[in-house]
Amino acid sequence: MALVDKHVFDEPGFHVSEATPADYFALLKPRVMSLVIFTAFVGMVTAPVALNPFQVVIAVLAIAVGAGASGALNMWYDADIDRVMSRTAGRPVATGRIQPGEALVFGIVLSAFSVVTLGLLANWLSAALLAFTIFFYAVVYTMWLKRSTPQNIVIGGAAGAFPPIIGWAAATGSVAIEPLIMFLIIFLWTPPHFWALALFKSDDYGRVGVPMMPNVAGHASTRRQIFAYTAVVALVGILPWVIGQASIVYGVVAALLGLGFVRSAWKVLRMADDDVVMRPAKALFAYSLLYLFAIFAALLVDSGVARLVGALGA
Amino acid sequence: MEQEYVVLTEAQKKAQRSRSMGIALVLVALVVIFYVATITVFGPEILSRPM
């Protein structure tokens, strides 16, 4: 039993929560978080410094929680449109399992906690970058760009691209060209990834009035833009080898992955206007996820092998 | 001020218990993390100070 003032539970808004920890975990957007964890980890461990494994775990955890906090703030603000879209209707705030105010407080507390933890246990440059990333995703993307321009995910994609820079900064206390290239890979990867989804979910976005590229510029223009971004990201993916951060083996792997990405985007470009199933767009969406994980995994393995060879040669 | 008890449903009680367990586990994890992190960041000399 719970003791409450009578006038409180008589109010129409009075609500006893049935939310479980799993609902709160869902607020953190765990699938997006897995990408953040992985790219931040790669940014951190490819930095040319000796790292304590525990500090790596703590820094990556803080970055992941910060990213999750921005996800909770996004779900708080977007509950009205999440409720309508089939892809997001099951989210905890949209279904009412978590009240908007609870999601807001949860997001703010976790944001502050993750930034302070990263500042105290790593350094304040990485903490400042994490704070900026949370602000960029929650305020610039969610509150401003998402509902106002078809370039929403192009500019907003920067928020998802920051984790490797934060990881590198947590390890070294500075920012260098290597994490900036990792940023660029994710930044340029975001439009083809999201627009592939937006092509076969354009009805969803149209219903809630979010101006995604297919709804504003049309499917044909979106398909052309997807191909252009994919061609550029395929080239940028090779840059770590060009600047000497990674070996030729990485360069070959990145080139092959890029070719696969371009091939998939080409199929989307050639997709018929009246194709309602949009299998090529669905395939591109799936491949784009594989591409990003694979290219960062290749960087990670390449860096690990280089360290091992260096240690054996010393 | 007049006060009354709200009788929680089984689902509400179950959710409340699982939230309490979740909070407890997170707090224990944070204690362990900050304890180990303090020693890792500042080094073992943090334990050897003049009494």
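The numbering scheme is per chain: residues are counted from 1 as the chain's sequence reads. Here the convention is simple: chains get letters from A, ligands get numbers from 1, in the order in which they are written. Local features in this predicted model are restricted to residues whose pLDDT is 70 or higher, and side-chain atom pairs enter the listing and the counts only when it is 80 or higher, whereas totals over whole chains, interfaces and linings include all residues. With hydrogens and water set aside, each side-chain value is computed from the structure's full complement of heavy atoms.

**Observations regarding the overall build of chain A**
Then, in step 1: Helix and strand assignments follow DSSP, with helices taken as H or I runs no shorter than four residues and strands as E runs no shorter than two, numbered in order from the N terminus. For chain A, the count of helices and strands is 17 helices and 1 strand.
Then, in step 2: The quantity called the radius of gyration is restricted to C-alpha atoms. Its globule counterpart is 2.2 Å times the number of residues to the power 0.38. Relative to a compact globule of 314 residues, whose C-alpha radius of gyration would be 20 Å, chain A shows 21 Å and is just as compact.
Then, in step 3: The principal-axis extent of the C-alpha atoms belonging to chain A is close to 75 × 55 × 30 Å.
Then, in step 4: Every one of the 314 residues in chain A was classed for burial, and the buried ones make up 49%.
Then, in step 5: Within chain A, contacts between residues separated by at least 24 positions form 72% of all contacts whose residues are at least 6 apart in sequence.
Then, in step 6: Note on areas: Shrake-Rupley with a 1.4 Å probe; residue coverage comes only from the protein chains shown. Approximately 13,700 Å² of chain A is accessible, and the part contributed by carbon and sulfur atoms is 70%. Relative accessible area decides the class of each residue, using a 1.4 Å probe on protein chains only: under 20% of the type maximum gives buried, over 50% gives exposed, and in between gives partly exposed. Every residue pair with non-hydrogen atoms within 4.5 Å of one another is taken to be in contact.

**Quick look at the pattern of salt bridges**
All names here are of chain A.
Then, in step 1: When a carboxyl oxygen of Asp or Glu is within 4 Å of a side-chain nitrogen of Lys or Arg, the pair counts as a salt bridge. Under the defined criterion, the tally for this structure stands at 8 salt bridges over all chains.
Then, in step 2: Across the salt bridge formed by Asp80 and Arg147, the nearest N and O atoms sit 2.9 Å from each other. Of the two residues, Asp80 sits in helix H5 (residues 79-82) while Arg147 sits in the loop between helix H8 (124-145) and helix H9 (152-161), which places them 67 residues apart along the sequence.
Then, in step 3: Taking the relative accessible area as the measure of exposure, Asp80 reaches 39% and is therefore partly exposed.
Then, in step 4: Here the residues in one salt-bridge network are Asp78, Asp80, Lys146 and Arg147, joined through shared partners.

**Some thoughts on the packing of helix H11 (residues 177-200) of chain A against helix H17 (residues 279-313) of chain A**
All names here are of chain A.
Then, in step 1: Under this scheme, a helix contributes an axis fitted over its contacting stretch, all axes are lines through C-alpha atoms, and angles between N-to-C directions fall in the 0 to 180 degree range. At a minimum axis distance of 8 Å, the contact between H11 and H17 shows a crossing angle of 160°. Taken together, H11 and H17 sit at an angle that is classed as roughly antiparallel. At the point where H11 passes H17, the crossing takes the left-handed sense. Each of Met182, Ile185, Ile186, Trp189, Pro192, His193, Ala196, Leu197, Leu199 and Phe200 in H11 lies in contact with H17, whose residues at this interface are Ala281, Lys282, Leu284, Phe285, Ser288, Leu289, Tyr291, Leu292, Ile295, Phe296 and Leu299.
Then, in step 2: Throughout this entry, Asp, Glu, Lys and Arg are counted as charged residues, while Ala, Val, Leu, Ile, Met, Phe, Trp, Tyr, Cys and Pro are counted as nonpolar. The remaining residues, Gly among them, count as polar. Here the contact of H11 with H17 is built from residues that sort into 18 nonpolar, 2 polar and 1 charged. Oblique is the label for every angle not falling under 35 degrees (roughly parallel), over 145 degrees (roughly antiparallel), or within 65 to 115 degrees (roughly perpendicular). Rotating anticlockwise by less than a right angle from the far helix to the near helix defines a left-handed crossing, while the corresponding clockwise rotation defines a right-handed one.

**Quick notes on the domain arrangement of chain A**
Residue and element names in this part refer to chain A.
Then, in step 1: In this entry, domain limits derive from an automatic or database-based domain assignment. Assigned domains of chain A: these are domain 1 (1-175) and domain 2 (176-314).
Then, in step 2: Measuring from the centre of the C-alpha atoms in domain 1 to the corresponding centre in domain 2 gives 23 Å.
Then, in step 3: If you look at the interface, domain 1 gives 37 residues, while domain 2 gives 34 residues.
Then, in step 4: Note: buried area is the sum, over both parts, of the accessible area (probe 1.4 Å) each one loses when the two are combined. Interface area lost by domain 1 to domain 2 is led by Phe38, Pro150 and Ile153, which between them contribute 19%.
Then, in step 5: The term polar contact refers here to a pair of N or O atoms within 3.5 Å; inside protein, the definition further demands a hydrogen-donor-capable atom paired with an acceptor-capable atom, and it admits residues adjacent in sequence only when both atoms are side-chain atoms. At the junction of domain 1 with domain 2, the criterion picks out 6 residue pairs in polar contact (both at pLDDT 80 or more).
Then, in step 6: Elements with a minimum of two residues in the side of domain 1 that touches domain 2: helix H3 (30-45), H9 and helix H10 (163-172).
Then, in step 7: Counted by class, the side of domain 1 that touches domain 2 contains 22 nonpolar, 12 polar and 3 charged residues.

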